[in-house]
Amino acid sequence: MNHAVARRFSVRVLLTATLLAVVLGASVKAQGTAGSVFGHGPAGGEVTVTSSTGAQRHATISSSGRYTISPVPTGVWTVALSTGGQAVDTRKNIPVTVGRGAQIDFACPNDQCAQAK
């Protein structure tokens, strides 16, 4: 391999390594300040998480009775279930920690969270 080819190869390797470091660093940073809230509940219900500062995140419970809200910044949250616009159940003081999920399950009629097919 001549000197010019070796130099171009070295520059490409350096650029690729730099790009990987930036992308991976951004992923780690994003994960470093958030967690998630997940669980099951009555299909079609709306789950809202609210922080002490008033920040909110929402998710609709799937037809299989599952929901996930992510990313949720670390802190203490209130998790509320509503159906048809009416509050059904509220859980307070739910801690969300870095890279972890808080499982909050809500009761389903007749213990059946999924929609009948």
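These numbers come from a predicted model, not from an experiment.

## Focus: the pairing of strand S2 (residues 46-51)
Pairing between S2 and strand S3 (residues 56-60): 5 bridges, direction antiparallel. Residue pairing in the sheet places Thr-50 in a bridge with Gln-56 of S3. Here S2 folds back onto S3 in antiparallel fashion, the turn holding 4 residues, of which Gly-54 has a positive phi close to 95 degrees. In terms of strand pairing, S2 meets strand S5 (residues 75-83) through 6 bridges, oriented antiparallel. For Glu-46, the partnering residue across the bridge sits in S5 and is Ser-82.

## Digging into the packing of aromatic side chains
All told, the structure shown has 1 aromatic pair when counted by the stated rule. Centroid distance Tyr-67 to Phe-106: 6.5 Å. Interplanar angle 35 degrees. Geometry classified as tilted. Here the residue Tyr-67 occupies a position in strand S4 (residues 66-73), and Phe-106 occupies one in the segment after strand S7 (101-103), the gap between them amounting to 39 residues. The exposure class assigned to Phe-106 is buried, which follows from its relative accessible area of 1%.

## Observations regarding the sheet that holds S2
Overall, antiparallel pairing links the 4 strands, which are arranged S3-S2-S5-S6 in an open sheet. Every other strand in the sheet has two partners, leaving S3 and strand S6 (86-96) as the edge strands with one partner each. Neighbouring strand axes in the sheet, compared pairwise and without regard to direction, differ in orientation by 20 degrees on average.

Reading the values: the criteria
Residues numbered from 1 in each chain as written. Predicted model: local features only at pLDDT ≥ 70, side-chain atom pairs only at ≥ 80, totals over all residues. Heavy atoms only, no water. Pairing = 2+ DSSP bridges. Helix = DSSP H or I, 4+ residues; strand = E, 2+ residues; numbered from the N terminus. Phe/Tyr/Trp six-rings, centres within 6.5 Å; stacked < 30°, edge-to-face > 60°. Buried < 20%, exposed > 50% of the residue type's maximum accessible area, 1.4 Å probe, protein only. Axes fitted to C-alpha atoms, helices over the stretch in contact; angles between N-to-C directions.

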